[in-house]
Amino acid sequence: MTNESAALYLVPTPLGHLGDMTQRAVDVLRQVHWVAAEDTRHTAPLLRQHGCNARLLAAHRHNEEAAAQRVVGLLDAGESVAVVVDAGTPGISDPGARLVARVRAAGHRIIPLPGPCAAIVALSAAGLSEAQFLFYGFLPARSGQRAQALREIAELPYALVFYEAPHRIVETVADLLAAFGGQRTLVLARELTKLFESIHSCPLGEAPEWLLADANRQRGEFVLVVSGAPAVAASGEGGRVLRLLLADGLPPSQATRLAHAITGAGRKALYQEALSWQAAATSTRQS
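*Asks:* Quick one: what's the story with the packing of aromatic side chains, residue by residue and with numbers?
*Replies:* In total, this model carries 3 aromatic pairs according to the counting rule given. Ring geometry for Tyr136 against Phe162: centres 5.7 Å apart, planes inclined by 45°, an arrangement best described as tilted. You can see Tyr136 sitting in strand β6 (residues 133–138) and its partner Phe162 sitting in strand β7 (residues 159–164), a full 26 residues away along the chain. On the numbers, 5.7 Å between centres and 70° between planes, the contact of Phe138 with Tyr163 is edge-to-face. Of the two residues, Phe138 sits in strand β6 while Tyr163 sits in strand β7, which places them 25 residues apart along the sequence. The partly exposed category is assigned to Phe138, whose relative accessible area is 39%. Overall, Tyr163 belongs to the buried group, its relative accessible area being 10%. Members of the aromatic cluster, joined through ring pairs, are Phe135, Phe138 and Tyr163. Across from the ring centre of Phe180, 4.4 Å away, lies the NZ or CZ of Arg184, which sits over that ring.

*Asks:* Go over the packing of helix α3 (residues 64–76) against helix α4 (residues 97–105), please, and point to the residues and values.
*Replies:* It is the contact of α3 with α4, at a shortest axis distance of 9 Å, that shows an interaxial angle of 40°. Handedness of the α3/α4 crossing: right-handed. Residues Glu64, Glu65, Ala68, Val71, Val72 and Leu75 of α3 form the contact with α4, whose participating residues are Ala97, Arg98, Leu99, Arg102 and Val103. Residue composition of the contact of α3 with α4, grouped by class: 7 nonpolar, no polar and 4 charged.

*Asks:* I'd like a description of the sheet that holds β7, backed by residues and values.
*Replies:* What holds strands together in a sheet is hydrogen bonding between their backbones, with the strands either parallel or antiparallel. If you walk across this open sheet you meet the 5 strands as β6-β7-β10-β8-β9, and the pairing is mixed. Pairing within the sheet leaves two strands with one partner each, and these edge strands are β6 and β9 (198–203). Direction aside, the axes of adjacent strands within the sheet are offset by 15° on average. One ladder, built from 6 bridges, connects strand β8 (residues 185–190) with β9; its direction is antiparallel. By the bridge assignment, Arg190 is partnered in β9 with Ser198.

*Asks:* Before we move on, could you go through the nonpolar core and cite the residues and values that matter?
*Replies:* One finds Phe162, Leu176, Phe180 and Leu186 to be the most contacted residues of the largest nonpolar core, which totals 22 residues. It is helix α7 (residues 169–180) that provides the largest number of residues to this core, a total of 5 residues. When residues no more than four places from it in sequence are discounted, the contact partners of Leu176 are Leu150, Phe162, Gly181, Leu186, Leu204, Leu224 and Val226.

*Asks:* Give a detailed account of the pairing of strand β2 (residues 34–37), specifying residues and quantitative values.
*Replies:* Burial along β2 is two-sided: the residues Trp34 and Ala36 and Val35 and Ala37 are all buried. Of the pairings in the sheet, the one linking β2 to strand β3 (residues 55–58) comprises 4 bridges and is parallel in character. Of the residues in β3, the one forming a bridge with Ala37 is Ala58. Where the polypeptide runs from β2 across helix α2 (residues 40–49) and back to β3, its parallel neighbour, the crossover connection is right-handed. Relative to strand β4 (residues 81–84), β2 runs parallel, the two being bridged by 4 bridges.

*Asks:* Kindly report on the pattern of salt bridges, identifying the contributing residues and their values.
*Replies:* For the structure on display, the rule yields 8 salt bridges. The salt bridge partner of Arg41 is Asp39, with a shortest N-O separation of 3.2 Å. Between Lys194 and Glu191 there is a salt bridge, and its shortest N-O distance comes to 3.7 Å. Assessed through its relative accessible area of 33%, Lys194 is described here as partly exposed. One network of salt bridges, in which partners are shared, links Arg146, Glu171 and Asp175.

Calculation criteria
- Residues numbered from 1 in each chain as written.
- Predicted model: local features only at pLDDT ≥ 70, side-chain atom pairs only at ≥ 80, totals over all residues.
- Heavy atoms only, no water.
- Phe/Tyr/Trp six-rings, centres within 6.5 Å; stacked < 30°, edge-to-face > 60°.
- Helix = DSSP H or I, 4+ residues; strand = E, 2+ residues; numbered from the N terminus.
- Buried < 20%, exposed > 50% of the residue type's maximum accessible area, 1.4 Å probe, protein only.
- Lys NZ or Arg CZ within 6 Å of the ring centre and 35° of its normal.
- Axes fitted to C-alpha atoms, helices over the stretch in contact; angles between N-to-C directions.
- Left-handed = near helix turned anticlockwise from the far one by under 90°.
- Contact = heavy atoms within 4.5 Å.
- Nonpolar A, V, L, I, M, F, W, Y, C, P; charged D, E, K, R; others polar.
- Pairing = 2+ DSSP bridges.
- Core = buried A, V, L, I, M, F, W, Y, C linked by side-chain atoms within 4.5 Å.
- Right-handed = clockwise from strand over helix to strand, strands pointing away.
- Salt bridge = Lys/Arg side-chain N within 4 Å of Asp/Glu carboxyl O.

Below is the structure:
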């Protein structure tokens, strides 16, 4: 590569199966002067395997700002740089976004290459009917924050895509069940493209038992895909169940939670209807 072609190349690397390395990715890694890697120890064998002689520099979560400054300096000097992460596409729940922003602000070219991305691989095998999806990435590690985050997106009609680590998979699935109810479909995609790859689809209500039935099902890196919230109006079946629960004396919050779990109707619409019903009932009693 000449000084005139100096650019930042975003190079996806295999999730597990080495055959998923594209020829274009190999060509770029063979031609660039430098490779900015999430973990140089992990990337060095990949470069050797493909005959790439680029020099390595570390660019991970804890040094991305400093690494970005160094990369800008290299590009200023006419040296091309490729960015790779341990697996998948840079900047997608991995380091890279801040580096890209700094390079763009410095006026250098950024050239993204297509390639492996665990979220897209899992979605393609999920078999869900939603035409739209929301990629969330990793949920908060703390249980309370995770539950709050899930409540905020529980009523979205899109397929929801999450990443999760093995040591949190059981509690995260339990939180998904609590937030979304048991009727929505959950696809658990584990160790994608690797030797022990598995893709399991089931109602959310059955997922905790399935996970606990075999400790091996809790191992590896996960992509979780949840079907979108059903488009059920509160004035339909959800509203009917809600009013029965309210008439039985349940407070609005509890009636809303149960009606949502039973029918899948949106929590916010149900709760607003519950408050309206309560206000109307109170007004009737006072009159």
